[in-house]
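Coordinates in review
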Amino acid sequence: AQSVSQHNHHVILSEAASLELGCNYSYGGTVNLFWYVQYPGQHLQLLLKYFSGDPLVKGIKGFEAEFIKSKFSFNLRKPSVQWSDTAEYFCAVNAPGSSASKIIFGSGTRLSIRP
Amino acid sequence: GAVVSQHPSRVICKSGTSVKIECRSLDFQATTMFWYRQFPKQSLMLMATSNEGSKATYEQGVEKDKFLINHASLTLSTLTVTSAHPEDSSFYICSAKRADTNYGYTFGSGTRLTVV
């Protein structure tokens, strides 16, 4: 079965600091990987996704993520965070060949940015 | 494009009553819709997967008789919480997968259910 682990439950940074949120998944086959963001009081939005090709994926708002197959990881990065990045971040995985194509989410990482 | 409308956004109901939550894909056809539940400060837990015209597939531990899912058309899925109890209070979110791609998932804005 697929599973997703996000090791950082709560990250607190100052503005302009660099960000890296860890995400590891367990699944032996081909996967699609996603990072979603949930701003306070809002619904989930897709930040970026990886399906195939270049393992370094660039998303919206200056975020990027690198797929490292050998490490089963898909860490999210941003070189310089802003106060508006305060949100909950969810890593997710789905197995495209499976019949259900369901997305499994990690436990989430709350990011708090100090002005 | 790819907008999913979820209604209602908030509902308060009395214990023992039933509540229906709608999830509509507004500008695309969704062969598959997913229902998630999110407890405070926790992740989204997949409850069930519904495919248009067929019975929903429930995740382990989810009571199918309590959480009734209907996916009658390519643009509408409903989740009915039957005989609701306070422990059913939660945030319910639907997601729709576009029929024309394996990769497009769009989430609704969620429904906050409070059972009193």
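So, here is what we can say about the structure in this document.

Summed over all chains, the structure comprises 14 aromatic pairs over all chains. Centroid distance A:Tyr50 to A:Phe67: 4.6 Å. Interplanar angle 35°. Geometry classified as tilted. Placement of the pair is A:Tyr50 in strand E6 (residues 45-50) and A:Phe67 in strand E8 (residues 64-68), with a sequence separation of 17 residues. Site record: aromatic cluster; members linked through ring pairs are A:Phe34, A:Tyr36, A:Phe51, A:Phe90, A:Phe105, B:Tyr36 and B:Phe107.

What follows covers the state of the cysteines. This structure, assessed with the given rule, holds 2 disulfides over all chains. Here A:Cys23 engages in a disulfide with A:Cys91; their sulfurs sit 1.9 Å apart. Handedness of the A:Cys23-A:Cys91 disulfide follows from its S-S torsion of about -65°: it is left-handed. Linking A:Cys23 in the loop between strand E3 (19-21) and strand E4 (24-26) with A:Cys91 in strand E10 (residues 87-94), this pair joins segments that are 68 residues apart in sequence. The burial state of A:Cys23 is the same as that of A:Cys91; both residues are buried. At a sulfur-sulfur separation of 2.0 Å, the disulfide partner of B:Cys23 is B:Cys94. Disulfide B:Cys23 to B:Cys94: torsion about the S-S bond roughly 80°, handedness right-handed. On the criterion of sequence distance, the pair formed by B:Cys23 in strand E3 (residues 19-25) and B:Cys94 in strand E9 (residues 90-98) is long-range, its members being 71 residues apart.

The next subject is the pattern of salt bridges. All names here are of chain A. Applying the stated criterion across every chain, the model contains 6 salt bridges over all chains. Residue arginine 77 is joined to glutamate 64 by a salt bridge in which the shortest nitrogen-to-oxygen separation is 3.4 Å. Here glutamate 64 lies in strand E8 and arginine 77 lies in strand E9 (residues 73-78), a separation of 13 residues in the sequence. The exposure class of arginine 77 is partly exposed, given its relative accessible area of 22%. One connected set of salt bridges, linked through shared partners, spans Lys58, Glu64, Glu66 and Arg77.

What follows is about the interface of chain A and chain B. Counting from both sides, the interface comprises 17 residues of chain A and, opposite them, 18 residues of chain B. Here chain A packs against chain B, burying approximately 1,500 Å² in sum over the two surfaces, 61% of which is carbon and sulfur. On the chain A side of the contact with chain B, A:Leu44, A:Lys102 and A:Phe105 bury the most area, a combined 27% of that side's loss. The interface formed by chain A and chain B contains 0 salt bridges. Looking at the side of chain A that touches chain B, the elements with two or more residues in it are strand E5 (32-38) and E10 of chain A. Looking at the side of chain A that touches chain B, the element that brings in the most residues is E5(A), giving 4 residues.

For the peptide bond that leads from B:His7 to B:Pro8, omega is 0°, which places it in the cis range. Within the secondary structure, B:Pro8 is located in the loop between strand E1 (4-7) and strand E2 (10-13). The backbone of A:Phe72 shows a phi angle near 50°, a positive value even though the residue is not glycine. Its place among the elements puts A:Phe72 in the loop between E8 and E9.

Conventions and cut-offs
- Residues numbered from 1 in each chain as written.
- Chains lettered and ligands numbered in written order.
- Predicted model: local features only at pLDDT ≥ 70, side-chain atom pairs only at ≥ 80, totals over all residues.
- Heavy atoms only, no water.
- Phe/Tyr/Trp six-rings, centres within 6.5 Å; stacked < 30°, edge-to-face > 60°.
- Helix = DSSP H or I, 4+ residues; strand = E, 2+ residues; numbered from the N terminus.
- Disulfide = S-S within 2.5 Å.
- Buried < 20%, exposed > 50% of the residue type's maximum accessible area, 1.4 Å probe, protein only.
- Salt bridge = Lys/Arg side-chain N within 4 Å of Asp/Glu carboxyl O.
- Contact = heavy atoms within 4.5 Å.
- Buried area = accessible area lost by both parts, 1.4 Å probe.

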